[in-house]
Amino acid sequence: MIEAAKRYIENLFAGDSGGHDAAHTLRVYRNAMRLADALPDCDRETVALAALLHDADDPKLFKTENLANARAFLASQNADPARIEAVCRIIDGVSFSKNGLAPPTTLEGRIVQDADRLDALGAVGIARTFAYGGAHGRTLDESVKHFHEKLLHLADGLNTSPARELARERHEFLLQFLRQYEEETR
Ligand code: NI
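Analysis parameters
Residues numbered from 1 in each chain as written. Predicted model: local features only at pLDDT ≥ 70, side-chain atom pairs only at ≥ 80, totals over all residues. Heavy atoms only, no water. Helix = DSSP H or I, 4+ residues; strand = E, 2+ residues; numbered from the N terminus. Rg over C-alpha atoms; globule rule 2.2 N^0.38 Å. Buried < 20%, exposed > 50% of the residue type's maximum accessible area, 1.4 Å probe, protein only. Phe/Tyr/Trp six-rings, centres within 6.5 Å; stacked < 30°, edge-to-face > 60°. Salt bridge = Lys/Arg side-chain N within 4 Å of Asp/Glu carboxyl O. Donors = N, O, S within 2.8 Å, 3.2 Å for Na, K, Ca; no water. Tetrahedral: all angles 85-135°; square planar, octahedral: opposite > 155°, others 65-115°.

K.L.:
Account for the overall build of the protein, naming residues and giving values.
P.N.:
Counting its secondary structure elements, the protein contains 10 helices and zero strands. Ordered by position from N to C terminus, the α and β elements of the protein give α-α-α-α-α-α-α-α-α-α. In summary, the protein has a C-alpha radius of gyration of 17 Å against a globular reference of 16 Å for 186 residues, a match within 12%. If you line up the protein on its principal axes, its C-alpha atoms span 55 × 35 × 25 Å. When each of the 186 residues of the protein is scored for burial, the buried share is 47%.

See below:
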């Protein structure tokens, strides 16, 4: 089912370049599996499916209701109804715009949210911010503002200790980038 989910999201995101593409989803999936390795009490299959489907109904990209894309995929795989609900609850809990910094209630949800936030930090986070900004007609300075408004706060809000560990180097890299950018544009 996990291999089928990878193929599903590759088709779903074909053509998008605003930073929420299949490559982002696959990085979140890999981050989530690393966190799951360090947190063996979690249900790995639920973590994997929720990571792979976490942006399948992103309102910035899709006009679906009630996670219709994620649900259609899981139903097509004859997933257990309890698994479908668990995955959908996680997807609902991941979104920054829907939930702010309120932590998800399950370990699996906390892992997937952390995995998504890790992908907004470090070199990838910088690259995604400018890709998104360019796609929305923003100047470099406007994109840099996003670092201060959002990205620099993400590391503080992480739920799990292995994620905080992975975030440390990525957060430091953001700060280093900002120092250099300010130096060059002053
Ligand atoms: Ni995401």
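Still more ground to cover, so stick around.
K.L.:
Tell me about the packing of aromatic side chains, and please be specific about residues and values.
P.N.:
Counting across every chain of the model gives six aromatic pairs. Through a chain of ring-to-ring contacts, the aromatic side chains of Phe-130, Phe-147, Phe-177 and Tyr-181 assemble into a single cluster.

K.L.:
Run through the pattern of salt bridges, naming residues and quoting values.
P.N.:
Throughout the structure, instances matching the rule amount to 11 salt bridges. We note a salt bridge from Glu-183 to Arg-186, for which the minimum N-O separation is 3.5 Å. Among the charged side chains, a network of salt bridges with common partners joins Arg-27, Asp-119 and Arg-128.

K.L.:
Describe the coordination of the nickel ion, with residues and values.
P.N.:
Bound to the nickel ion on the protein side are His-24 (NE2), His-54 (NE2), Asp-55 (OD) and Asp-116 (OD), at distances that span 2.1 to 2.4 Å. Coordination at the nickel ion is irregular: its four donor atoms span angles of 83 to 166° at the metal. Between consecutive donor residues of the nickel ion, the sequence gaps follow H-x29-H-D-x60-D. Of this pair, His-24 sits in helix α2 (residues 22–38) while Asp-55 sits in the loop between α3 (44–53) and α4 (68–76); the two residues are 31 residues apart in sequence, bridging distant segments of the chain. For Asp-55, a relative accessible area of 6% gives the class buried.

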